[in-house]
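Below, each chain spelled out in residue letters.
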Amino acid sequence: MFWKTGCNCLPGCMEKAARKHREGFELRQPQNYIEAVDSDSIEMKTAELLSGIDGTMMFRYNSRDTFKTLSIYLSEYQLGQWVSHKKVLELSYEDVKSSTNGLIVITPDFDNFTAKLIAADKYSKYMTEIPILEGVKNREYYGRSATSIENKCKIEYGTEQGLAALIYEEKGLSSLPIQDITGEHIDTDNEYMYYYSVEFIK
């Protein structure tokens, strides 16, 4: 024998230990979470084909806990200064049990200076279109970028949580992690940022 042990079924024991490790890891994963959809998934590939050159961002949420509303907010920053904050979409579950999972999709359309926002679950789908760089001179020459969550994030009920931000700058873009976009002032040279956040309310 290559190994010597008091157990005559070491391969079986190793498999049991590995299974327990996997089960323990799964139990430690958040049961209520939101995450970016894998860029290699069929869902994402299909969405990218439909969205055009500016791409799209898709997020999947899972909530084993029931909740009453899902609200999505949009904050606008100009040169790092917070200038507006408003609710742009809401799913309400006052008369029905909330869906355990769903999708949130953000699709910028720079040619038409808008961004589509979609929220969908097993009951319904809602879409709204938001103007981008409204009234900004020479906006057709602006560069654009985006940032979003990268890892699985635990849902913090009753708290706004950042999802993504669309970034626009005329003379040069600077990258910015989504977790750095918070509060009334951000240390950035980017001229315009549109920050999307989501809140689940029990």
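Quick notes on the rules
- Residues numbered from 1 in each chain as written.
- Predicted model: local features only at pLDDT ≥ 70, side-chain atom pairs only at ≥ 80, totals over all residues.
- Heavy atoms only, no water.
- Pairing = 2+ DSSP bridges.
- Helix = DSSP H or I, 4+ residues; strand = E, 2+ residues; numbered from the N terminus.
- Axes fitted to C-alpha atoms, helices over the stretch in contact; angles between N-to-C directions.
- Core = buried A, V, L, I, M, F, W, Y, C linked by side-chain atoms within 4.5 Å.
- Buried < 20%, exposed > 50% of the residue type's maximum accessible area, 1.4 Å probe, protein only.
- Contact = heavy atoms within 4.5 Å.

Chemist: An account of the sheet that holds strand 11 (residues 192-201) is needed here, citing residue identities and associated values.
Modeler: Backbone hydrogen bonds hold the strands of a sheet together, and the pairing may be parallel or antiparallel. Pairing within the open sheet is antiparallel, and its five strands lie in the order 4-3-11-10-8. The open sheet terminates on both sides in strands that have one partner only, identified here as strand 4 (81-92) and strand 8 (143-148). Averaged over all pairs of adjacent strands, the angle between their axes in this sheet comes to 15 degrees, without regard to strand direction. Here strand 3 (residues 69-78) runs beside strand 11; their pairing, made up of 10 bridges, is antiparallel. By the bridge assignment for strand 11, L74 is matched with Y196.

Chemist: Tell me about the nonpolar core, and name the residues and values.
Modeler: Ranked by internal contacts, the top residues of the largest apolar core, which has 44 residues, are I72 and I104. Looking at this core element by element, the count peaks at seven residues for strand 11. If we skip the residues at most four places from it in the chain, I72 touches K86, K87, V88, L89, I104, L117, A119, Y196, S197 and V198. Ranked by size, the runner-up nonpolar core spans five residues in total, among them V37, M44, A47 and M58.

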